[in-house]
Amino acid sequence: MPQKQHPLLRTWLIRWLYAAAMVHFVIGALLPWIVNIGLVEAYHQLIERHFWPQAAPDAARNMQVWWMSLFGPTVQTVGLWMGALVYLGNRHRSRFAWLWLMIGILVWAPQDMLISMQADMLVNVWVDAFAVLSMIPPLFILWKMDAPVSGRNL
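Every value quoted in this text rests on a predicted model; they were computed, and no experiment measured them.

Digging into the overall build of the chain
Here is step 1 of the chain: Scanning the chain from terminus to terminus reveals 5 helices and 0 strands.
Here is step 2 of the chain: Starting at the N terminus and walking to the C terminus, you meet the elements of the chain as α-α-α-α-α.
Here is step 3 of the chain: What you see for the chain is a C-alpha radius of gyration of 19 Å, clearly larger than the 15 Å of a compact globule of 154 residues, by over 25%.
Here is step 4 of the chain: Overall size of the chain, expressed as C-alpha extent along the three principal axes, is 65 × 25 × 20 Å.
Here is step 5 of the chain: Relative to its 154 residues, the chain shows a buried fraction of 34%.

In structure tokens, the structure reads:
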């Protein structure tokens, strides 16, 4: 039974996913440059409170800045990969692309949330929950929309 197509919905879902990929790319590119500015100071303090009851030693802050800077290119690359999979999924109506984006999110999120909860970093848990709730439904809808009419499945 052929599914009713919703081209406008599909267009907006694709745009949303491109935006998510772009946000990852931009944040990843900026992270090494903004990790030392005042805007990130509160985040540093949240992390430090988990490990030190008083002010963190300078060496600890320096290591934290280094790790966060190093994490930037990883996030940037994730944005590139997401963008490529969205492009392939859109261009070829590839359920495979949507599926692997969902799998990636569902592998990453629970681990990231658990580690964040262990460190009492609830802000990370909320960001992760937003990512999951804002990306899995569009990906699932696209996965369903791009189901072949002939009965073949993935």
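Some details on the side chain of His44
Here is step 1 of the chain: With respect to the helices, strands and loops of the structure, His44 is situated in helix H2 (residues 41–51).
Here is step 2 of the chain: On the accessibility criterion, His44 (1% relative accessible area) is buried.

Some thoughts on the pattern of salt bridges
Here is step 1 of the chain: By the definition in use, this model includes 4 salt bridges.
Here is step 2 of the chain: Measuring nitrogen to oxygen at the nearest pair gives 3.0 Å for the salt bridge that ties Arg61 to Glu41. Here the residue Arg61 occupies a position in helix H3 (residues 58–92), and Glu41 occupies one in helix H2, the gap between them amounting to 20 residues.
Here is step 3 of the chain: In this structure, Asp146 engages Arg93 in a salt bridge whose closest nitrogen and oxygen atoms are separated by 3.0 Å. Of the two residues, Asp146 is situated in the segment after helix H5 (122–145) and Arg93 in the loop between H3 and helix H4 (95–118); the sequence distance between them amounts to 53 residues.
Here is step 4 of the chain: The exposure class assigned to Arg93 is partly exposed, which follows from its relative accessible area of 42%.

Here we look at the packing of helix H1 (residues 7–34) against H5
Here is step 1 of the chain: Between H1 and H5, the least distance of the axes is 10 Å, while the angle of their chain directions is 135°. Classified by the angle their axes make, H1 and H5 are oblique. Seen along the crossing, H1 lies across H5 with a hand that is left-handed. For the pair formed by H1 and H5, the contact residues are Leu9, Arg10, Leu13, Ile14, Trp16, Leu17 and Ala20 on the first element and Ser134, Met135, Pro138, Leu139, Ile141, Leu142 and Met145 on the second.

What to know about the nonpolar core
The nonpolar side chains of a soluble globular protein tend to be buried, and buried together.
Here is step 1 of the chain: Formed by 19 residues in total, the largest nonpolar core has its most connected members in Leu17, Trp98, Leu139 and Leu142.
Here is step 2 of the chain: Where this core is concerned, the elements lending two or more residues are H1, H3, H4 and H5.
Here is step 3 of the chain: Looking at this core, the element that brings in the most residues is H5, giving 7 residues.
Here is step 4 of the chain: With near-sequence residues (within four places) excluded, Leu142 lies in contact with Arg10, Leu13, Ile14, Leu17 and Trp98.

Side note on H1
Here is step 1 of the chain: Taking 1.5 Å per residue, 28 residues should reach 40 Å; H1 reaches 39 Å between its end C-alpha atoms and fits that length.
Here is step 2 of the chain: Inspection of H1 places Arg10, Leu13, Ile14, Leu17, Ala20, Ala21, Gly28 and Leu31 among the buried residues, and these make up the whole buried set.
Here is step 3 of the chain: Close packing links the buried residues of H1 with H3, H4 and H5.

Some thoughts on the environment of Met22
Here is step 1 of the chain: Note on placement: Met22 falls in helix H1.
Here is step 2 of the chain: Classification of Met22 as partly exposed rests on a relative accessible area of 48%.

Let's talk about the confidence of the model for the chain
Here is step 1 of the chain: Summary statistics for the chain give a mean pLDDT of 93 and a share of 94% for residues scoring 70 or more.
Here is step 2 of the chain: For the chain, per-element mean pLDDT is lowest for H2, which scores 92, and highest for H4, which scores 98.

Quick word on the packing of aromatic side chains
Here is step 1 of the chain: Under the defined criterion, the tally for this structure stands at 4 aromatic pairs.
Here is step 2 of the chain: Plain terms: the ring middles of Phe51 and Trp52 are 5.8 Å apart, the flat faces sit at 55° to each other, and that makes the pair tilted.
Here is step 3 of the chain: A cation over an aromatic ring shows up here: Arg15 above the ring of Trp12, its NZ or CZ 4.9 Å from the ring centre.
Here is step 4 of the chain: A cation over an aromatic ring shows up here: Arg95 above the ring of Trp143, its NZ or CZ 3.6 Å from the ring centre.

Each value, and the rule that gives it
- Within every chain, residues take consecutive numbers counted from 1 along the sequence as written.
- Whole-chain, interface and lining totals are the exception, using all residues; otherwise, since this is a predicted model, local features are given only for residues with pLDDT of at least 70 and side-chain atom pairs are given and counted only at 80 or more.
- Side-chain figures throughout are based on the complete set of non-hydrogen atoms in the structure, without hydrogens or water.
- Segments assigned H or I by DSSP are reported as helices when at least four residues long, segments assigned E as strands when at least two residues long, and all are numbered from the N terminus.
- Only the C-alpha atoms count toward the radius of gyration. The rule for a globule is 2.2 Å times the residue count to the power 0.38.
- For every residue, the accessible area obtained with a 1.4 Å probe (protein chains only) is divided by the maximum for its type, and the residue is called buried under 20%, exposed over 50%, and partly exposed between those limits.
- We count a salt bridge whenever a side-chain nitrogen from Lys or Arg sits within 4 Å of a carboxyl oxygen from Asp or Glu.
- Structural elements are reduced to axes, namely lines fitted to C-alpha atoms, with helices fitted over the stretch in contact, and the angle between N-to-C directions of any two is expressed from 0 to 180 degrees.
- Here the angle decides the label: under 35 degrees means roughly parallel, over 145 means roughly antiparallel, 65 to 115 means roughly perpendicular, and every other value means oblique.
- Left-handed describes a crossing in which the near helix is turned anticlockwise from the far one by less than a right angle; the clockwise case is right-handed.
- By definition, residues are in contact when any of their heavy atoms lie within 4.5 Å.
- For our purposes a nonpolar core is just a set of buried Ala, Val, Leu, Ile, Met, Phe, Trp, Tyr and Cys residues, chained together by side-chain atoms within 4.5 Å.
- In this analysis, the expected span of each helix is defined as 1.5 Å times one less than the number of residues it contains.
- Per residue, pLDDT measures the predictor's confidence, with a range of 0 to 100.
- Aromatic rings from Phe, Tyr and Trp, taking only the six-membered ring of Trp, are treated as a pair when their centres fall within 6.5 Å; an angle between ring planes under 30 degrees marks them as stacked, one over 60 as edge-to-face, and anything in between as tilted.
- We call a charge positioned over a ring when the NZ of a Lys or the CZ of an Arg lies within 6 Å of the ring centre and within 35 degrees of the ring normal.

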